Amino acid sequence: MSGAIRFSVSLSEELLEKYDRLLDEKGYSNRSEGIRDLIRDFLVQQEIEGDEEVVGVVTLVYDHHVRELTEKLIELQHKSKAVVISSMHVHLDHHNCLEVIVARGKGIVLRQFADILIGTRGVKHGKFVITTTGSQLPR
Ligand code: NI
């Protein structure tokens, strides 16, 4: 890496051993690579928790036979301060539907949006992933 600055880090032997073991498991070739990823993740996390607009993906699996559930999930999406960019619906089997919802907004707004959808009665499984373009991050 050209223009990279070296600095030293003090760690306990125990912590360093655990770090090295994890780097090995994850296939990192050196400690610096691992530290760079950690710092980037730390910065992304800060971007997500701040006022920047970020992107979130919510996946929901639910039984569409549960009374008024489909309508309720649609209503929640229309009412939210999160801006739904796109959603995809897959009829998995006779009972189950998968919905993938991509939304934009502040991190806190997206998290609340996801929590409400996932916590809706009748939703069997839900996951929320939040990310950013990382435009604020140096390489
Ligand atoms: Ni369906």
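The structure this text deals with has already been given above.
Residues numbered from 1 in each chain as written. Predicted model: local features only at pLDDT ≥ 70, side-chain atom pairs only at ≥ 80, totals over all residues. Heavy atoms only, no water.

Draft legend 1. Fine view of the overall build of the protein. Helix and strand counts for the protein stand at four helices and four strands. Computed over the C-alpha atoms, the radius of gyration of the protein is 20 Å, more than 25% above the 14 Å expected from 2.2 N^0.38 for a compact globule of 139 residues. Seen through its principal axes, the protein has C-alpha atoms that stretch 60 × 30 × 25 Å. Evaluated residue by residue, the protein yields a buried proportion of 27% over its 139 residues. Considering only contacts in the protein between residues 6 or more positions apart, those separated by 24 or more positions represent 66%. (Helix = DSSP H or I, 4+ residues; strand = E, 2+ residues; numbered from the N terminus. Rg over C-alpha atoms; globule rule 2.2 N^0.38 Å. Buried < 20%, exposed > 50% of the residue type's maximum accessible area, 1.4 Å probe, protein only. Contact = heavy atoms within 4.5 Å.)

Draft legend 2. The arrangement of the coordination of the nickel ion in detail. Listed as protein donors to the nickel ion are H89 (NE2), H91 (ND1) and C97 (SG); their distances from the metal cover 2.1 to 2.3 Å. Donor residues for the nickel ion, ordered by position in the chain, follow H-x1-H-x5-C. The exposure class assigned to H91 is exposed, which follows from its relative accessible area of 65%. For C97, a relative accessible area of 2% corresponds to the buried category. (Donors = N, O, S within 2.8 Å, 3.2 Å for Na, K, Ca; no water.)

Draft legend 3. Quick peek at the sheet that holds strand β4 (residues 123-131). Strand order across the open sheet formed by four strands is β2-β3-β1-β4, with antiparallel pairing between neighbours. Among the strands making up the open sheet, the edge pair consists of β2 (83-91) and β4. Averaged over neighbouring strand pairs, the angle between their axes works out to 15° when direction is ignored. Sheet topology places strand β1 (residues 53-63) next to β4; eight bridges connect them, and they run antiparallel. Each bridged residue has a counterpart across the sheet, and for V57 the counterpart in β4 is V129. Seen against the sheet, helix α3 (residues 69-79) touches β1, β2, β3 (96-106) and β4 and runs at an angle of roughly 175° to β1. (Pairing = 2+ DSSP bridges. Axes fitted to C-alpha atoms, helices over the stretch in contact; angles between N-to-C directions.)

Draft legend 4. Helix α4 (residues 107-118), seen in detail. With 12 residues, α4 extends 16 Å from end C-alpha to end C-alpha; this agrees with the ideal 16 Å at 1.5 Å per step. In this structure, the buried residues of α4 make contact with α2 (31-49), β1, α3, β2, β3 and β4. (Expected span 1.5 Å × (residues − 1).)

Draft legend 5. Broad picture of the environment of T70. Summarising the element assignment, T70 is placed in helix α3. The class of T70 is partly exposed, set by a relative accessible area of 24%. Sequence separation of T70 and L117 is 47 residues, and the distance between their C-alpha atoms is 11 Å.

Draft legend 6. Region of the structure containing the nonpolar core. Of all hydrophobic cores here, the largest spans 21 residues; its most connected members are V58, L60, Y62, L73, L110, F113 and L117. In terms of residue count, α4 provides more of this core than any other element does, five residues in total. (Core = buried A, V, L, I, M, F, W, Y, C linked by side-chain atoms within 4.5 Å.)

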